[in-house]
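Now for the letters of each chain:
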Amino acid sequence: MKIGVIGGGAWGTALAQVAAAGGEDVLLWALEPDVVGSINGSHTNPLYLPDVPLSPGIRATGLLADLSDSDALLVVSPAQHVRAVLGGIDADGRALILCAKGIESGTQKLVSEIAEEMCPEASIAVLSGPTFAAEVAKGLPTAVTLACADAALGERIAARLARPRFRTYGSADVIGAEIGGAVKNVLAIACGVVDGRGLGFNARSALIARGFAEMTRFGVARGARPETLAGLSGLGDLVLTCSSTQSRNFSLGKGLGEGRSAGDLLADRRTVAEGAFTAPVLQQAARAAGVEMPVVDAVCALLTGAMTVDAVVEDLLSRPLRPEAH
Ligand SMILES: NC(=O)c1ccc[n+]([C@@H]2O[C@H](COP(=O)([O-])OP(=O)(O)OC[C@H]3O[C@@H](n4cnc5c(N)ncnc54)[C@H](O)[C@@H]3O)[C@@H](O)[C@H]2O)c1
Ligand SMILES: O=P(O)(O)OC[C@H](O)CO
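Residues numbered from 1 in each chain as written. Chains lettered and ligands numbered in written order. Predicted model: local features only at pLDDT ≥ 70, side-chain atom pairs only at ≥ 80, totals over all residues. Heavy atoms only, no water.

Q: Which parts of the structure should I look at to understand helix α6 (residues 151-161)?
A: An α-helical segment advances 3.6 residues per turn. Residues three or four places apart therefore align on the same side. For α6, the complete set of buried residues consists of Leu 153, Gly 154, Ile 157, Ala 158 and Leu 161. On an axial view of α6, the arc spanned by its buried residues comes to 135°, and they lie on one face. Of the exposed residues in α6, the ones pointing more than 90 degrees away from its buried face are Ala 151, Glu 155, Arg 156 and Ala 159. Capping the start of α6, Asp 150 holds a side-chain oxygen 3.2 Å from the backbone nitrogen of Ala 152, two or three residues further along. (Buried < 20%, exposed > 50% of the residue type's maximum accessible area, 1.4 Å probe, protein only. Helix = DSSP H or I, 4+ residues; strand = E, 2+ residues; numbered from the N terminus. Arc of directions from axis to C-beta. Polar contact = N/O pair within 3.5 Å; in protein donor to acceptor, adjacent residues only side chain to side chain.)

Take a look at the structure:
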């Protein structure tokens, strides 16, 4: 029994640490030779997870094929790269635990839909929730949703990954777990804008609540269960990501709120702010489903530079009054 981790960014490294803490045999694939070298040589990942000593039980490789004898694979590449990495590995008959949070540009597919297409013979689960990688890697208390349509398999994976300070809560709602994680990244950009422009805590709370209403409308339209969206992978992660500059999405929004352009903020950035990629495709998907998402529209207008922060705020505040349950 071996766990393979696809992706040596902050989250892949933190999840490798969780797996290794339970005595699992862990092999991590990283794109960057420097990451492979530092994990194997000094048990660190200075590029993506600095200042966190890693378990010596984690080994790394630059060859995806080396993961072929793992019975379970944690897929932790950014959402826009999942299709390519899954194309490089034979996942038939194995458990694929999807950990990226996003929607694929062009196809409007969730990561589980990409995985079903690329690996039709694999068993699919989704791990999502409020999880800053550095906190998880340091062993701070964390809880996640582990969603799997196959209840027995879901229970086995949840038990296998659970640790004293890493609680896994089971769910059958794969789509709901994914939509929460994808949509909250876009809403976190909006909350960062509020912070950067100095609009106050009232505005941030309003945005979290109205953003959650958007997440719920879109999720339900795509078949998600409302209780999943109200759980760790939806509301839980929304609150986390909208509250701290530890979030790359929140930080991006904060920069926009301070008047910088998305182009400047994203240029030469090594780490991923998934919301910047998800926002336009989420907007398209929402329009196609007839779902109104004004906060998502506002983020899209800011990312393209089509509107200024002040114009976007004015636009949101002057929408016709309506019942809250709308
Ligand atoms: N960092 C967190 O706290 C955290 C927590 C939960 C979920 N996530 C999610 O995990 C996913 C990965 O994020 P991260 O934070 O580990 O990344 P990161 O920002 O730390 O690192 C970027 C990653 O992208 C990879 N990458 C860049 N170009 C690539 C390519 N062409 N093909 C394949 N991989 C490529 C890099 O190798 C690296 O692993 C994202 O979907 C993110 O939303 C992150
Ligand atoms: O840094 P962010 O914004 O990608 O957020 C990281 C995690 O998704 C938080 O759960």
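Once you've had a look at it, read on.
Q: Please explain the domain arrangement of the protein as it appears in this structure.
A: Often, the extent of an interface is quoted as the loss of accessible area upon association of its parts. Once the domains are mapped, the protein shows domain 1 (2-172) and domain 2 (179-317). Spacing between the C-alpha centres of domain 1 and domain 2 amounts to 25 Å. Taken together, the 26 residues of domain 1 in the interface contact 26 residues of domain 2. In total, domain 1 and domain 2 occlude about 2,100 Å² of area from one another, counting both sides; carbon and sulfur atoms represent 63% of this. Linking domain 1 with domain 2 are two salt bridges. Taking the shortest distance from any N to any O, the salt bridge between Asp 237 and Lys 101 comes out at 2.6 Å. Where domain 1 touches domain 2, the interface holds six residue pairs in polar contact (both at pLDDT 80 or more). Among the secondary structure elements, those contributing two or more residues to the side of domain 1 that touches domain 2 are β7 (142-148) and β8 (166-171). In terms of residue count, the dominant contributor to the side of domain 1 that touches domain 2 is β7 (three residues). (Domains from an automatic or database assignment. Contact = heavy atoms within 4.5 Å. Buried area = accessible area lost by both parts, 1.4 Å probe. Salt bridge = Lys/Arg side-chain N within 4 Å of Asp/Glu carboxyl O.)

Q: So what exactly am I meant to see when it comes to the pattern of salt bridges here?
A: Two side chains bearing opposite charge may form a pair once their charged atoms approach each other closely. Evaluation of the coordinates by the stated rule reveals 16 salt bridges. In this structure, the salt-bridge partner of Arg 59 is Asp 25, at a minimum N-O distance of 3.4 Å. Taken as a pair, Arg 59 in strand β3 (residues 58-61) and Asp 25 in strand β2 (residues 25-29) lie far apart in primary sequence, 34 residues in all. Take Arg 59: its relative accessible area is 37%, and that puts it in the partly exposed class. A salt bridge links Glu 258 to Lys 254; the shortest N-O distance between them is 4.0 Å. What makes Glu 258 partly exposed here is its relative accessible area of 49%. Taken together, the salt bridges that share partners define one network made up of Arg 83, Glu 104, Lys 109 and Glu 117.

Q: Explain the UniProt feature "binding site: NAD(+)" (unreviewed entry) in the protein to me, please; I cannot follow it from the model alone.
A: Those residues carrying the UniProt feature "binding site: NAD(+)" (unreviewed entry) are Gly 7, Gly 8, Gly 9, Ala 10, Trp 11, Gly 12, Ala 133 and Arg 248 in this numbering. Looking at the secondary structure, you find Ala 10 in helix α1 (residues 10-21). On the basis of relative accessibility, which here comes to 17%, the residue Ala 10 falls in the buried class. Non-local contacts of Ala 10, meaning those with residues more than four positions away in its chain, are made with Tyr 48, Leu 49 and Ala 133. Note on placement: Gly 12 falls in helix α1. In contact with Gly 12, not counting residues within four places along its chain, are Val 5, Gly 7, Leu 28 and Val 76. (UniProt positions renumbered as here; feature names shortened; annotations may be inferred.)

Q: How should I be thinking about the site of ligand 2 in this particular structure?
A: Lining the immediate surroundings of ligand 2 are 13 residues, of which Lys 184, Asp 237, Ser 247, Arg 248 and Asn 249 lie closest. One nitrogen or oxygen atom from the side chain of Lys 184 is found 2.8 Å from an oxygen atom belonging to ligand 2. In this structure, an oxygen atom belonging to ligand 2 sits 2.7 Å away from a side-chain N or O atom of Asn 249. Protein contacts shield 92% of the accessible area of ligand 2, which totals 310 Å² for the unbound molecule. Counting only elements with at least two residues in the shell around ligand 2, the list comes to α10 (232-241) and α11 (248-257). (Near = heavy atom within 4 Å. Areas by Shrake-Rupley, 256 points an atom, 1.4 Å probe, with all protein chains shown as cover.)

Q: How should the UniProt feature "binding site: sn-glycerol 3-phosphate" (unreviewed entry) in the protein be read in this particular structure?
A: In this structure's numbering, the residues bearing the UniProt feature "binding site: sn-glycerol 3-phosphate" (unreviewed entry) are Lys 101, Gly 129, Thr 131, Lys 184, Asp 237, Ser 247, Arg 248 and Asn 249. Secondary-structure assignment places Lys 101 in the loop between β5 (95-98) and α4 (111-118). Checked against the element boundaries, Asp 237 lands in helix α10. With relative accessibility at 1%, the residue Asp 237 sits in the buried group.

Q: Is there a simple way to think about the sheet that holds β5 in this case?
A: Strands belonging to one sheet form pairs held by backbone hydrogen bonds; the direction of such a pair is parallel or antiparallel. With mixed pairing, the eight strands of this open sheet are ordered in space as β3-β2-β1-β4-β5-β6-β7-β8. Both edges of this open sheet fall to β3 and β8, since each of them pairs with a single strand only. For this sheet the average axis-to-axis angle between neighbouring strands, irrespective of direction, equals 25°. Lying over the sheet, helix α7 (residues 174-196) contacts β6 (123-128) and β7, oriented at roughly 40° with respect to β6. (Pairing = 2+ DSSP bridges. Axes fitted to C-alpha atoms, helices over the stretch in contact; angles between N-to-C directions.)

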